[in-house]
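This is what each chain is made of:
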Amino acid sequence: LLYTIKFEYHAMVDVEIRLEPLGRASPVNGVLQNDISQPTAGDPPRNRNSATPLLEEDSDSADSTDELIYSAPKHRKPSSEGRNRKSVSQSKSCGRCFYSMACCKDPELHERKVYLAQPNPTKFAKNEVKNTKYNAVTFLPKVLFQQFKVFINLYFLMVAITQLIPILRVTFVYTSWVPLGFVLAVTMCREAYDDLKRRWRDAEVNSEQYKKLTPQGVVTISSDKIAVGDIIYIGKDQRVPADVVLLRTTEKSGSCFIRTDQLDGETDWKLRLAVGTTQKLGADVDILRSGPAVYAEKPQKDIYNFIGNFFATLPSDVEEPLNIENTMWANSVVAR
C-alpha cells in the first residue's frame, strides 16, 4: 500500500521561454542546474544587458559544442506604462464572452500551501471527473448550433425555409424538410449516445473506492469525495485518483514504480520515492501527529518537473524539498 496526499495541480499556463547557449546542463539532486564555466582572461567580455535572440542560425558554428537549454527569463519590475497597459487589457473581455463582467478567462494561478488531514483555508475544486458535453437543458441548443454553424447545413436550412413562402416555393415542402430533419435526427441520436457513454464512464471513475486515513481511523470514500489534503491509500494496479505526493510505501527504501502510459504514452515504469521524513515514521497515524503540510508551486503544463517542500512540526521542525520523484500524477497506475 502507498500512503499519499492529494493536492490540486492541473492547469493550463502559458510560459514564455527563450533559448540561450548557456553551457552544459547537469542534474544535481534531481534539479537541472546550469554548469557554466567562468570566463578566462582571453575571453571577450560579455554584455549581460544585451538582448539575446531567440534562435540564431550560423553555418560557421556547426561544429560548436555549446548546447541549447531552456532558460527562464528573469523577473523584471514593470514600468508604470506597462502596468497601465496590463490593467487595461485585463478589464476587457477575452472575446469568447458576451460581457466583460462575466468573462470566462482562466483564474490567476498562485503557489499553494496544503495542510494534511485538516481544513485548508483555501477553497479548491472537487475531485469529480466530468467529460460530458451536454445536459437536459443545453443538449438541443448546442447540437443545433454545432450543426448550423456549418455552411452547407445552414444553406439547406435557408432553402427549406424559403419553401414555406408560397411565392418562392418551387417544389413540395416535404422534399426539403424531410431530408434535413432526418440528418438532424441521426446527428442528435449519435450525440446523445456518445454523451451517455461519457456519463457512464465518468460515473464509474468517480465511484471507485479508496481508503482514507483520518484521526478516527481508516474510512472508505469514493474518488469524487477526495478533498485536497486528504491522506489516502493506493494499492498495486490501482489508478491514482488525483495528483498526489508520495508519503510512505511498504518498501523500506520508500520506492515504488508507476505506469504513465495514459499521460505521455510511455510504457516503461517510472521510479517514485516517498518523502524521507514520513517514510521513517513508525506508524501511519504518526503522520497526523506531526502537523504536516506541503508547499506546491504554481500549476503549470510541464508534467516532468515539480518544485515543492514538505513541512512537519513534530518531533522537531522539518523542511524537506520535493521534486518530480516524490509525486504521482492523476490517472497513472501503481505498478509495484
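What counts and what doesn't
- Residues numbered from 1 in each chain as written.
- Predicted model: local features only at pLDDT ≥ 70, side-chain atom pairs only at ≥ 80, totals over all residues.
- Heavy atoms only, no water.
- Helix = DSSP H or I, 4+ residues; strand = E, 2+ residues; numbered from the N terminus.
- Buried < 20%, exposed > 50% of the residue type's maximum accessible area, 1.4 Å probe, protein only.
- Contact = heavy atoms within 4.5 Å.
- Areas by Shrake-Rupley, 256 points an atom, 1.4 Å probe, with all protein chains shown as cover.
- Pairing = 2+ DSSP bridges.
- Axes fitted to C-alpha atoms, helices over the stretch in contact; angles between N-to-C directions.

1. Re the overall build of the protein
Here is step 1 of the chain: Secondary structure summary: the protein contains seven helices and 17 strands in total.
Here is step 2 of the chain: Across the 336 residues in the protein, those meeting the buried criterion constitute 32%.
Here is step 3 of the chain: Counting contacts in the protein only where the partners sit at least 6 residues apart, residues at least 24 apart contribute 65% of the total.
Here is step 4 of the chain: Accessible surface for the protein amounts to roughly 23,300 Å². Of this, 56% is attributable to carbon and sulfur atoms.

2. A word on the sheet that holds strand 11 (residues 255-259)
Here is step 1 of the chain: The strand order 12-11-17 describes an open sheet built from three strands, whose pairing is antiparallel. Each edge of the sheet is formed by a strand with only one pairing partner; in this case those strands are strand 12 (270-273) and strand 17 (333-334).

3. Let's talk about the environment of Asp-284
Here is step 1 of the chain: Relative to the helices and strands, Asp-284 resides in the loop between helix 6 (276-279) and helix 7 (285-289).
Here is step 2 of the chain: Since its relative accessible area comes to 17%, Asp-284 is described here as buried.
Here is step 3 of the chain: Separated by 53 residues in the primary sequence, Asp-284 and Ile-231 have C-alpha atoms spaced 9.9 Å apart.

4. Side note on the sheet that holds strand 14 (residues 308-312)
Here is step 1 of the chain: If you trace the four strands from one edge of the open sheet to the other, you get 6-13-14-15, paired in antiparallel fashion. Since the sheet does not close on itself, it has two edges, and those belong to strand 6 (112-115) and strand 15 (318-322), each with one partner. Neighbour-to-neighbour, the strand axes of this sheet turn through a mean angle of 20°, independent of strand direction.
Here is step 2 of the chain: In this structure, strand 14 lies alongside strand 15, joined through five bridges in antiparallel fashion.

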